[in-house]
Amino acid sequence: MPTQWESLANQHILGIAPYEPGKPIEELERELGIHDAIKLASNENPLPPSERVQKAIVAGGGFYLRQALAKKHGVTPEHIVLGNGSNELIELLVHAFMRPGDEAVVPHPSFVVYPTSVQAAGGIRVVVMLRDYRLDLEAMGRAVTPLTKLVFIANPNNPTATMVAADEVERFMARMPDRTIVVFDEAYVEFAQGPDFPDSLAYMKQGRKVVVLRTFSKAASLAGLRVGYGVADPDAVALLNRIRPPFNVNSLAQAAALAALDDEPHILECVRLIDAGRQLLYDEFKALGLKYVPSRANFILVDVGRSAAEIYQKLLREGVIVRPLTSFGMETALRITIGTPQENRRLVRALGAVLGKRSA
């Protein structure tokens, strides 16, 4: 008898057996009460890494990272799937659950991987425009049809840095049919915390068709190592594991993520730095006469009132790299990441210079 998640999945993946990596030697010894086990199953070099490399690596692995994430979120390891960044998990979700002709509701402007992944799978993109730079959950709910397989909610949203609040999400979830999977992409969650931020994991724990995506790329400072993870019903995770490439997150990245989970002071320091930088930039943008969108992330959308592409090029010549949002159809908007105090001050000086203005 297929599970509810299997009934939603692409039928052709159901015959695929997920890759089963061997257990760490330490875990095998603990379970069986043995010692001095050897591993001759993975075609690996019997010699350890060089001494120089060993000094640069902290021991770790997917088994232990999933255990630690499960403990953090109050679930079992079977609820956790690791990804080579959350990008890969988005693609796995689309691959696993969308058939040609299925629909996915995607906000716009938002993370570009949602519509491109759906298009690549032969799905139908149902695009719902933002309202006042925020996801319009009411309109997204109305866009759901019997053909809707996935709904993507970026919270906070990229590139606008806005979020949808708990009461909005509650009303949205109340109208979601059980056949539709809601994906909460919470890459910037650490910067958005507050009493109004929705508890998306609670819906998953209630048995709803919900997948929550998180990443170590932002607050944990591990963007280059590409470690994302999803929290979902074990049946959904089992389906994703059927098509997830084995060893998709390298051991060094896993070790770094495992260490980052225990490094709460670093996260708090990052959040404090971003909060202070956000307020400073608000004040400076006001002094420059620029409009901006209040942010719940580590970046700010700024309207420069003229060609963003032109201002971007001028800022490059000042040695400051920002992101013009012309590709999102926002011709006068820049997405500016909040940096260190020194970087923020340099940005303000450069922006004032290229705009021919001075901050107060």
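Okay, so let's go over this structure. These numbers were taken from a predicted model, which means no experiment stands behind them.

### Observations concerning the overall build of the protein
Here is step 1 of the chain: Regarding its fold elements, the protein presents 15 helices and 11 strands.
Here is step 2 of the chain: Residues classed as buried in the protein amount to 49% of the 360 residues present.
Here is step 3 of the chain: Here the analysis covers contacts within the protein between residues at least 6 apart in sequence; of these, 72% occur between residues at least 24 apart.
Here is step 4 of the chain: When the accessible surface of the protein is summed, it comes to about 17800 Å², and 53% of that surface belongs to carbon and sulfur atoms.

### Some points on the packing of aromatic side chains
Here is step 1 of the chain: Counting across every chain of the model gives 7 aromatic pairs.
Here is step 2 of the chain: Ring geometry for Phe216 versus Tyr229: centroids 5.8 Å apart, planes at 50 degrees, classification tilted. Here Phe216 is found in the loop between strand S6 (210-215) and strand S7 (228-231), whereas its partner Tyr229 is found in strand S7, with 13 residues between them in sequence.
Here is step 3 of the chain: A network of ring pairs unites the aromatic residues Phe111, Tyr114 and Phe152 as a single cluster.
Here is step 4 of the chain: Note that Arg335 overlies the ring of Phe299, its terminal NZ or CZ placed 5.8 Å from the centroid.

### Comments concerning the pairing of strand S11 (residues 333-337)
Here is step 1 of the chain: The buried fraction of S11 amounts to 4 of the 5 residues, a majority that puts the element mostly inside the structure.
Here is step 2 of the chain: Where strand S9 (residues 299-303) meets S11, 5 bridges bridge the pair, whose relative direction is antiparallel. From the neighbouring strand, Ile300 faces S11, where its bridge partner is Ile336.

### Here's the deal with the sheet that holds strand S1 (residues 80-83)
Here is step 1 of the chain: Ordered in space as S1-S7-S6-S5-S4-S2-S3, the 7 strands form an open sheet in which the pairing is mixed. The open sheet has two edge strands, S1 and strand S3 (124-129), and neither has a second partner. The average undirected angle you get between the axes of adjacent strands in this sheet is 20 degrees.
Here is step 2 of the chain: With 3 bridges connecting them, strand S2 (residues 103-108) and strand S4 (residues 148-154) associate as parallel partners. For Ala104, the partnering residue across the bridge sits in S4 and is Leu150.
Here is step 3 of the chain: Running at roughly 125 degrees to S1, helix H4 (residues 62-73) makes contact with S1, S6 and S7 of the sheet.
Here is step 4 of the chain: Strands S1, S4, strand S5 (181-185), S6 and S7 of the sheet are contacted by helix H5 (residues 85-97), whose axis makes an angle of about 155 degrees with S6.

### As for the environment of Arg142
Here is step 1 of the chain: Mapped onto the elements, Arg142 comes out in helix H7 (residues 137-142).
Here is step 2 of the chain: Arg142 sits in the exposed class, given a relative accessible area of 52%.
Here is step 3 of the chain: Separated by 33 residues in the primary sequence, Arg142 and Arg175 place their C-alpha atoms 9.1 Å from one another.

### A few points about unusual backbone geometry
Here is step 1 of the chain: In this model, His108 is joined to Pro109 through a cis peptide bond whose omega is -5 degrees.
Here is step 2 of the chain: Tracing the backbone shows Pro109 in the loop between S2 and helix H6 (113-120).
Here is step 3 of the chain: In this structure, Pro156 follows Asn155 across a cis peptide bond, with omega equal to -5 degrees.
Here is step 4 of the chain: You can see Pro156 is positioned in the loop between S4 and helix H8 (166-174).

### Description of the sheet that holds strand S8 (residues 291-293)
Here is step 1 of the chain: What the 4 strands build is an open sheet, ordered S8-S9-S11-S10; its pairing is antiparallel. Only two strands of the sheet have a single neighbouring strand rather than two, namely S8 and strand S10 (323-324).

### Re the packing of helix H13 (residues 264-287) against helix H15 (residues 341-355)
Two numbers describe a pair of packed helices, the interaxial angle and the distance between the axes.
Here is step 1 of the chain: Their axes nearest at 10 Å, the elements H13 and H15 cross at an angle of 15 degrees. With respect to H15, the element H13 is oriented roughly parallel. In the crossing of H13 with H15, the sense of the turn from one axis to the other is right-handed. Each of Leu273, Gly277, Leu280, Leu281, Glu284 and Phe285 in H13 lies in contact with H15, whose residues at this interface are Pro341, Asn344, Leu347, Val348 and Leu351.

### Considerations on the side chain of Glu186
Here is step 1 of the chain: If you trace the backbone, Glu186 turns up in the loop between S5 and helix H9 (189-192).
Here is step 2 of the chain: Within the local environment of Glu186, its side chain forms a polar contact with the side chain of Ser200, the two groups lying 2.6 Å apart.
Here is step 3 of the chain: In this structure Glu186 touches Asn155, Phe197, Ser200, Val212, Leu213 and Arg214, once residues within four positions along its chain are discounted.

Cut-off values and rules
Within every chain, residues take consecutive numbers counted from 1 along the sequence as written. pLDDT decides what is reported in this predicted model: residues at 70 or higher carry local features, side-chain atom pairs at 80 or more are listed and counted, and totals for whole chains, interfaces and linings draw on all residues regardless. Values reported for side chains reflect all heavy atoms of the structure, with hydrogen atoms and water molecules removed beforehand. To qualify as a helix, a DSSP run of H or I must reach at least 4 residues; to qualify as a strand, a run of E must reach at least 2; elements of each kind are numbered from the N terminus. Burial here depends on accessible area, computed with a 1.4 Å probe over protein chains only, as a share of the maximum for the residue type. Under 20% is buried, over 50% is exposed, and the range in between is partly exposed. The contact rule is simple, with two residues in contact once any of their heavy atoms fall within 4.5 Å. Per-residue and other accessible areas were derived by the Shrake-Rupley procedure at a 1.4 Å probe size, with only the shown protein chains allowed to occlude residues. Put simply, two rings from Phe, Tyr or Trp (the six-membered ring, in Trp's case) pair if the centres are within 6.5 Å, and we call them stacked under 30 degrees between planes, edge-to-face over 60, tilted for the rest. Only when the NZ atom of a Lys or the CZ atom of an Arg is both within 6 Å of the ring centre and within 35 degrees of the ring normal do we say a charge sits over the ring. Strand pairing requires that DSSP identify at least two bridges connecting the strands. Orientation is described by lines fitted to C-alpha atoms, with helices fitted over the stretch in contact, and by angles between N-to-C directions that extend from 0 to 180 degrees. To sort the angles, those under 35 degrees are grouped as roughly parallel, those over 145 as roughly antiparallel, those from 65 to 115 as roughly perpendicular, and the leftovers as oblique. Rotating anticlockwise by less than a right angle from the far helix to the near helix defines a left-handed crossing, while the corresponding clockwise rotation defines a right-handed one. Under this definition, polar contacts are N or O atom pairs within 3.5 Å; protein pairs additionally need one hydrogen-donor-capable and one acceptor-capable atom, and for neighbouring residues in sequence, both atoms have to be side-chain atoms.

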